[in-house]
Amino acid sequence: MKYSPSLTISPSHSQVMTEFNPEEQRSFLKFVTGCPKLPVGGFKALHPRLTVVKKSVDGEPDQYLPSVMTCVNYLKLPDYTSPESLREKLLTAIYEGQNSF
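Here goes a summary of the coordinates provided. (Residues numbered from 1 in each chain as written. Predicted model: local features only at pLDDT ≥ 70, side-chain atom pairs only at ≥ 80, totals over all residues. Heavy atoms only, no water.)

**With respect to the overall build of the protein chain**
Scanning the protein chain from N- to C-terminus turns up three helices and four strands. Along the chain direction, N to C, the helices and strands of the protein chain fall in the order β-α-α-β-β-β-α. Considering the protein chain as a whole, with its 101 residues, one finds that 35% of them fall into the buried category. In the protein chain, the proportion of contacts linking residues at least 24 apart, taken out of those at least 6 apart, comes to 55%. Accessible surface, the protein chain as shown: approximately 6,200 Å² in total, 54% of it carbon and sulfur. (Helix = DSSP H or I, 4+ residues; strand = E, 2+ residues; numbered from the N terminus. Buried < 20%, exposed > 50% of the residue type's maximum accessible area, 1.4 Å probe, protein only. Contact = heavy atoms within 4.5 Å. Areas by Shrake-Rupley, 256 points an atom, 1.4 Å probe, with all protein chains shown as cover.)

Next up, the structure:
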């Protein structure tokens, strides 16, 4: 997984995704890649590699949802103010955006 140097991801923010239950993990993976399962070999075998970048927003970042480009496994996150906000907005985007293509 690659991170944009301009995105601030604290250990507590990273912890949010590791605390997802199995259903949330599958949903997250489908949200970011378009597929609910990783290839054999896990994230290392994912091509293109999962990239997380800072999403530029006007105003308060906690008012925005994350977005993705599934064809290139690209997750764009606003610089959320807390892990709780990250979790809430990520799950909202995952479940509200399912099957919308």
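There's more to say after this.
**Brief notes about the pattern of salt bridges**
Counted according to the given criterion, the structure contains one salt bridge. As a salt-bridge pair, Glu24 and Arg87 come within 3.1 Å of each other at their nearest N and O atoms. Remark: Arg87 occurs in helix α3 (residues 83-96) and Glu24 occurs in helix α2 (residues 22-33); sequence separation between them is 63 residues. Taking the relative accessible area as the measure of exposure, Glu24 reaches 10% and is therefore buried. You can call Arg87 partly exposed: its relative accessible area is 29%. (Salt bridge = Lys/Arg side-chain N within 4 Å of Asp/Glu carboxyl O.)

**Side note on the environment of Ala45**
By secondary structure assignment, the location of Ala45 is in the loop between α2 and β2 (51-54). Judged by its relative accessible area of 27%, Ala45 is partly exposed. Apart from the residues within four sequence positions on either side, Ala45 is in contact with Pro39 and Val40.

**A look at α3**
Here α3 is 14 residues long and its end C-alpha atoms lie 20 Å apart, about the 20 Å a rise of 1.5 Å per residue gives. Among the residues of α3, those classed as buried are Ser85, Leu86, Lys89, Leu90, Leu91, Ala93 and Ile94. (Expected span 1.5 Å × (residues − 1).)

**Some thoughts on the nonpolar core**
Phe20, Phe28, Phe31, Leu75 and Ile94 are the most contacted members of the largest nonpolar core, which has 16 residues in total. Those elements that provide at least two residues to this core are α2, β4 (74-77) and α3. When residues in this core are grouped by element, the largest group, five residues, is from α3. In this structure, Phe28 is in contact with Met17, Phe20, Leu75, Leu90 and Ile94, ignoring residues within four places of it in sequence. (Core = buried A, V, L, I, M, F, W, Y, C linked by side-chain atoms within 4.5 Å.)

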